[in-house]
Amino acid sequence: MKIFEKAPAKINLSLDVLHKRPDGYHEVEMVMTMVDLADRIEMQELSRDTIIISSQAGYIPLDEKNLAFQAARLIKDRYDVKQGVYIHLDKKIPVAAGLAGGSSDAAATLRGLNRLWNLNIPMEELQVLGAELGSDVPFCVTGGTAVARGRGEKLEPIVSPPQCWVVLAKPPINVSTSEIYGKLNAREIKNHPSTENVMKAIREKQFDQLCGNLGNVLEEVTLDLYPEVRQLKDCMQRLGADGVLMSGSGPTVFGLVSKEAKVPRIYNGLRGFCKDVYAVRMLT
Ligand SMILES: C[C@@](CO)(OP(=O)(O)O)[C@H](O)COP(=O)(O)OP(=O)(O)OC[C@H]1O[C@@H](n2ccc(N)nc2=O)[C@H](O)[C@@H]1O
Ligand SMILES: Nc1ncnc2c1ncn2[C@@H]1O[C@H](COP(=O)(O)OP(=O)(O)O)[C@@H](O)[C@H]1O
């Protein structure tokens, strides 16, 4: 049997860091949602007890370093599954972009193998498993819109943001999440975003309020290290996006746009600046 799962990209509408924890992770408070840019994961049963990964993308690991491989191995070990699986990753989400592409692939693999092997694992249990693979994986298991706390695994689902266009642009640089968190001094953060205001704007479907309250404390680090990310933000603002923010640890910058008529100008303007530009809808 062969099945398919969609693995959408996430954006952080707000990202606050409260403090650094004794285990080395950072205590976060983030409002996260999914956008309509997705990898497509194909999973096919194998009678042989093995996990095989392939992808059209030449720039991701295809061995045990791949997060989909790790998800499959985890589920096989934990539920004592003797069958194997062939997993093909049709990558559309740019890699190491702050869009959780690898995490979403891992989450989609957990959901898919749960179906393929009739394991009937409840979603909450899949989220707990996902947390072993990465901080963003539990959110990606269920998707939607949520406030994530802890190191990202404590989730409070909330209603969807007001519908709008999301223009994403990734400059041609690779950013390491652990390096960015490592360079953040949690005691000296200058501007904490208000998670409460972002939640209120979403609850009341106030698009302008949402745009006015976007905030990400990791920008302080990434924008200093990579001036091209700041230039990209300025460029998106100049082109008329209603709200502009870096997603996660970067380097992708997203712009929220309410009027469809404004999207082509922003998209075309950014294409002059970098190759990886996408105009997508917020997933509701
Ligand atoms: C910044 C965020 C925002 O959504 O996303 P990305 O930019 O990666 O997409 C996440 O917090 C990233 O989540 P994820 O990429 O799953 O992180 P993990 O694999 O768990 O951790 C990678 C490294 O980041 C640091 N880390 C991660 C999460 C956290 N709450 N505190 C941390 O300090 C740790 O140094 C860890 O070794
Ligand atoms: N299935 C996968 N897709 C993308 N990257 C993967 C995957 N599995 C492992 N990786 C590795 O994970 C790292 C982070 O990738 P990704 O999840 O795309 O970024 P981010 O955490 O910034 O959103 C990359 O270094 C990449 O090599």
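Above this note sits the structure.
Report on the accompanying structure. All figures in this text were calculated on a predicted structure; none of them were measured in a lab.

Let's talk about the site of ligand 1
By nearness alone, 23 residues border ligand 1, and Lys10, His26, Ser135, Tyr181 and Ser249 come closest of all. Contact distances for ligand 1 include 2.8 Å between an oxygen atom and a side-chain N or O atom of Lys10. Protein contacts shield 82% of the accessible area of ligand 1, which totals 700 Å² for the unbound molecule. Given that more than half its atoms are within 2 Å of the pocket grid, ligand 1 belongs to the largest pocket. Those elements that place two or more of their residues in the shell around ligand 1 are β1 (2-20), β2 (26-46) and α5 (177-183). Sort the elements by how many residues they give to the shell around ligand 1 and β2 lands first, with four residues. Looking at the shell around ligand 1, its residues break down into nine nonpolar, eleven polar and three charged.

Some words on unusual backbone geometry
Here the amide bond leading from Gly250 into Pro251 is cis, since omega sits at 5°, within 30 degrees of zero. Summarising the element assignment, Pro251 is placed in the loop between β9 (243-246) and β10 (253-257). Although it is not a glycine, Ala100 adopts a positive phi angle of roughly 60°. With respect to the helices and strands, the residue Ala100 is situated in the loop between β4 (84-90) and α2 (101-116). We classify Ala100 as buried; its relative accessible area is 12%. Residue Lys205 is not a glycine yet carries a positive backbone phi of 50°. The residue Lys205 is located in the loop between α6 (195-203) and α7 (207-213) in this model. Of the residues examined, Lys205 reaches a relative accessible area of 43% and is grouped as partly exposed.

Looking at the site of ligand 2
In the vicinity of ligand 2, 17 residues are found, and the nearest of them are Leu67, Lys91, Gly98, Ala100 and Gly102. For ligand 2, the accessible surface in isolation is 540 Å², of which the surrounding protein chains cover 78%. With respect to the pocket detection grid, ligand 2 is positioned in the largest pocket. Considering every element that reaches the shell around ligand 2, the biggest residue donor is α2, with four residues. Of the residues belonging to the shell around ligand 2, the class tally is nine nonpolar, five polar and three charged.

As for the packing of aromatic side chains
Evaluated as defined, the whole model comprises zero aromatic pairs. The cationic tip of Arg151 hangs over the ring face of Tyr25; the distance from NZ or CZ to the ring centre is 4.9 Å.

The rules behind these values
Residues numbered from 1 in each chain as written. Chains lettered and ligands numbered in written order. Predicted model: local features only at pLDDT ≥ 70, side-chain atom pairs only at ≥ 80, totals over all residues. Heavy atoms only, no water. Near = heavy atom within 4 Å. Polar contact = N/O pair within 3.5 Å; in protein donor to acceptor, adjacent residues only side chain to side chain. Areas by Shrake-Rupley, 256 points an atom, 1.4 Å probe, with all protein chains shown as cover. 1 Å grid on protein atoms, 1.4 Å probe; cavity = no way out; pocket = protein on both sides within 12 Å on 5 of 7 lines; lining within 4 Å. Sits in = over half its atoms within 2 Å of the grid points. Helix = DSSP H or I, 4+ residues; strand = E, 2+ residues; numbered from the N terminus. Nonpolar A, V, L, I, M, F, W, Y, C, P; charged D, E, K, R; others polar. Buried < 20%, exposed > 50% of the residue type's maximum accessible area, 1.4 Å probe, protein only. Phe/Tyr/Trp six-rings, centres within 6.5 Å; stacked < 30°, edge-to-face > 60°. Lys NZ or Arg CZ within 6 Å of the ring centre and 35° of its normal.

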